[in-house]
Amino acid sequence: MSVCGNRLVCTTDPISLDDCCKDGKERGQESQDCTSLPLISESTTCRIAQEQCCTAVLEDNICTSGINVAKDQGSCDALLSSSTCETKTAKTCCECCLLGRAAQERGLSCDLTLAVWYQCGLVSRACCVDRSPNSDGKPAPGENKQTWKTSEIRAFDECTTSCFNGSCACLEGYKLKADAKTCEGQSKHHSCILPVQYDNVSVLCVVSDIDECETGTHNCGAELECQNTAGSFRCRPRVQCGVGFIQDALGSCIDINECLSVTGPCPSGHMCFNTVGSYTCQRHSVTCGRGYHLNADGSRCVGTETITCALPTGGHICSYRCHNTPGSFLCTCPATGYTLAPNGRSCQDIDECVTSTHSCSESESCFNIQGGYKCLNFDCPANYRRSGDTRPRVDRADFIRCVKSCQPNDISCMLNPILSFSHTAISLPTFREFNKPEEIVFLRSPTPSHLPHMDSPEIVYDILEGNVQNSFDIIKRLDHGMIVGVVRQVKPLVGPVSSVLKLAMNYVTNGVVSHRNIINVHIYVSEFWF
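Residues numbered from 1 in each chain as written. Predicted model: local features only at pLDDT ≥ 70, side-chain atom pairs only at ≥ 80, totals over all residues. Heavy atoms only, no water.

Focus on the overall build of the protein
(1) Moving on: Per the secondary structure count, the protein includes seven helices and 31 strands.
(2) Moving on: For the protein, the exposed area adds up to about 31600 Å²; of that, 51% sits on carbon and sulfur atoms. (Helix = DSSP H or I, 4+ residues; strand = E, 2+ residues; numbered from the N terminus. Areas by Shrake-Rupley, 256 points an atom, 1.4 Å probe, with all protein chains shown as cover.)

Here it is as structure tokens:
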């Protein structure tokens, strides 16, 4: 014989499961570690009985403490200070008890219809019944005051047996044994425990699994390994296959031919060769000259029909259009307004005003735009004359500035708040990538931003006409002590588009516009981005 513990001597003689369970309960009452108990028998079944009965006692005590907190304090806040398993179990029982007390206070049935854990439902019902109108905490005549123990309402796992008022009933496939407490079937053992309590609390069940792998009642083949599960078992291959293999029903490892997959594991221009558990890719030996490439299966060279948007620097092969030639390509530009740059790829604008290839008359001014030119002619309106002074200056190209010139005693002219008209022109591309506002015109005022006297005018900029699709705005900023109006393009425009953006520079003194300058910006948006 061999010593199995400090209480009993382990022998080869059979020992009853009741003795094994009794030993586990006693150790549970002493709060020993149920997973490492001294064995009193060499039987695995006896060890299981010891551990489970020990665990039952420990969980009984923990759950009971939670129920008592709910009954004594009416709250579970005292159990929130720790995250241990024991505290979580006590908190669960405490909160389930509060559910039952709440149901009783609201006049609801003590049999919860909520989809809660089975033991939670039992604890809830017990706390609800305990506080029924006929049991207000004082014993009724002829009765003793109830004292709860969770061993009376415990359910460790899902109990498939129905137990009512001290009687056990079994589900289909199970039968009640002669002791009227135990259900037996093919794979589970359901023990109905008659609680040490009073008549208004139901009898509950404890379910223990039968280990088919331990008892040898499984049907796994020799090449398979039995793995026990709750209420059943699984047959798993003894050998686990590595990467590149698949396991058949008998547990054998079969090589995967990756080369037969629909997409193929190798990149274009490579051949796949299967190996045991893997594969290799071998590049085709065919090499193609400039302007040719391998076909889809990499067997021969074919001419490049279309060349598509990339150079190593991320640019474009051609600014405008690319035409394929045998073994190469050719870039072209629009038919008019552009010429091919020396690099053979970019398109350059032809300045017709400089090359004198325009058709403007002597009274007109030639203004070059991207891909063409415009013939412009601006005349000053009545009571205004052309001035060589270009202020407020427009940072692009000033064509004309007309300043007010009134005749003597012309009161209406003198009262006209518009001091000057200006005209300028600007050429813009069709932005291919428009990520942020583009600053296109700068209006500088001759008035400093800080004057010594109090009545210095405030300059207010405004867009009066010609704001196509609200694509422009104007903001005010300070630059070296001068006030600057900045015209910005805030939305992309697809050309060709032409528009006259009419701007106003208002001088406001004490909330009243004293005078203003009008600036007409003639905007020409090209069809192309270059």
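There is more to say, and it comes next.
Quick notes on the UniProt feature "domain: Anaphylatoxin-like" (unreviewed entry) in the protein
(1) Moving on: Listed under "domain: Anaphylatoxin-like" (unreviewed entry) in the UniProt record, and renumbered for this structure, are residues 20–54.
(2) Moving on: Regarding residues 20–54, the helix share stands at 60% and the strand share at 0%, and the terminal C-alpha atoms are separated by 10 Å. (UniProt positions renumbered as here; feature names shortened; annotations may be inferred.)

Section: the environment of Thr-336
(1) Moving on: If you trace the backbone, Thr-336 turns up in the loop between β18 (328–332) and β19 (338–340).
(2) Moving on: According to the relative accessible area criterion, Thr-336 is exposed, its value standing at 61%. (Buried < 20%, exposed > 50% of the residue type's maximum accessible area, 1.4 Å probe, protein only.)

Details of the packing of helix α2 (residues 44–73) against helix α3 (residues 85–105)
(1) Moving on: One can describe the packing of α2 onto α3 by two numbers: an axis separation of 7 Å at closest approach and a directional angle of 45 degrees. By the angle between their directions, the pair α2 and α3 is classed as oblique. Judged by the twist between their axes, the crossing of α2 over α3 is right-handed. Contact residues: Ile-62, Cys-63, Ser-65, Gly-66, Ile-67, Val-69, Ala-70 and Lys-71 in α2; Glu-86, Thr-89, Ala-90, Cys-93, Cys-94, Cys-97, Leu-98 and Arg-101 in α3.
(2) Moving on: Here the contact of α2 with α3 is composed, by residue class, of 10 nonpolar, three polar and three charged. (Axes fitted to C-alpha atoms, helices over the stretch in contact; angles between N-to-C directions. Parallel < 35°, antiparallel > 145°, perpendicular 65-115°, else oblique. Left-handed = near helix turned anticlockwise from the far one by under 90°. Contact = heavy atoms within 4.5 Å. Nonpolar A, V, L, I, M, F, W, Y, C, P; charged D, E, K, R; others polar.)

Some details on the nonpolar core
(1) Moving on: Counting residues in each nonpolar core, the largest one holds 21 residues, and the members touching the most others are Leu-443, Phe-472, Leu-501, Leu-503, Val-521 and Ile-523.
(2) Moving on: Listing elements by their share of this core, those giving two or more residues are β25 (418–428), β26 (438–448), β27 (458–465), β28 (472–479), β29 (482–489), β30 (497–509) and β31 (512–525).
(3) Moving on: Setting aside its immediate chain neighbours within four residues, Leu-501 contacts Ile-463, Glu-465, Gly-466, Asn-467, Phe-472, Val-487, Ile-519, Asn-520, Val-521 and Ile-523.
(4) Moving on: Core analysis: the second largest hydrophobic core is formed by 15 residues, Ile-67, Ala-70, Leu-79 and Cys-96 among them. (Core = buried A, V, L, I, M, F, W, Y, C linked by side-chain atoms within 4.5 Å.)

Some words on the packing of aromatic side chains
(1) Moving on: Scanning the entire structure with this criterion turns up nine aromatic pairs.
(2) Moving on: Ring geometry for Tyr-384 versus Phe-421: centroids 5.1 Å apart, planes at 80 degrees, classification edge-to-face. Taken together, the residues Tyr-384 in strand β23 (residues 384–386) and Phe-421 in strand β25 connect sequence positions 37 residues apart. Both residues of the pair, Tyr-384 and Phe-421, count as buried.
(3) Moving on: Clustering of aromatic rings is evident, with ring pairs tying together Tyr-320, Tyr-338, Phe-528, Trp-529 and Phe-530. (Phe/Tyr/Trp six-rings, centres within 6.5 Å; stacked < 30°, edge-to-face > 60°.)

Quick notes on the pairing of strand β22 (residues 372–376)
(1) Moving on: In terms of strand pairing, strand β21 (residues 365–369) meets β22 through five bridges, oriented antiparallel. The residue bridging Ser-365 from the neighbouring strand is Leu-376, located in β22.
(2) Moving on: Hairpin geometry of β21 and β22 is characterised by an intervening segment of two residues between the two adjacent antiparallel strands and by a positive phi of about 90 degrees at Gly-371. (Pairing = 2+ DSSP bridges.)

Looking at the state of the cysteines
(1) Moving on: Inspection of the entire model under this criterion finds 19 disulfides.
(2) Moving on: Residue pairing for Cys-63: its cysteine sulfur links by disulfide to Cys-93, the two sulfurs lying 1.9 Å apart. Linking Cys-63 and Cys-93, the disulfide has an S-S dihedral of approximately -110 degrees and is accordingly described as left-handed. Of this pair, Cys-63 sits in helix α2 while Cys-93 sits in helix α3, and the two are 30 residues apart along the sequence.
(3) Moving on: Residue classification places Cys-63 among the buried positions, given a relative accessible area of 1%.
(4) Moving on: Judged by relative accessible area, Cys-93 falls into the buried class, the value being 4%.
(5) Moving on: Through a disulfide, Cys-353 is tied to Cys-366; the S-S separation comes to 1.9 Å. Measuring handedness by torsion sign, the sulfur bridge of Cys-353 and Cys-366 sits at about -80 degrees and is left-handed. Residue Cys-353 is located in helix α6 (residues 352–355), and its partner Cys-366 is located in strand β21; the two are separated by 13 residues in the primary sequence. (Disulfide = S-S within 2.5 Å.)

Remarks on the pattern of salt bridges
(1) Moving on: One pass over the structure, following the stated rule, counts six salt bridges.
(2) Moving on: Between Asp-479 and Arg-444 there is a salt bridge, with its nearest N and O atoms 3.5 Å apart. Highlighted residues: Asp-479 in strand β28 and Arg-444 in strand β26, separated in sequence by 35 residues.
(3) Moving on: For Arg-444, a relative accessible area of 24% translates into the label partly exposed. (Salt bridge = Lys/Arg side-chain N within 4 Å of Asp/Glu carboxyl O.)

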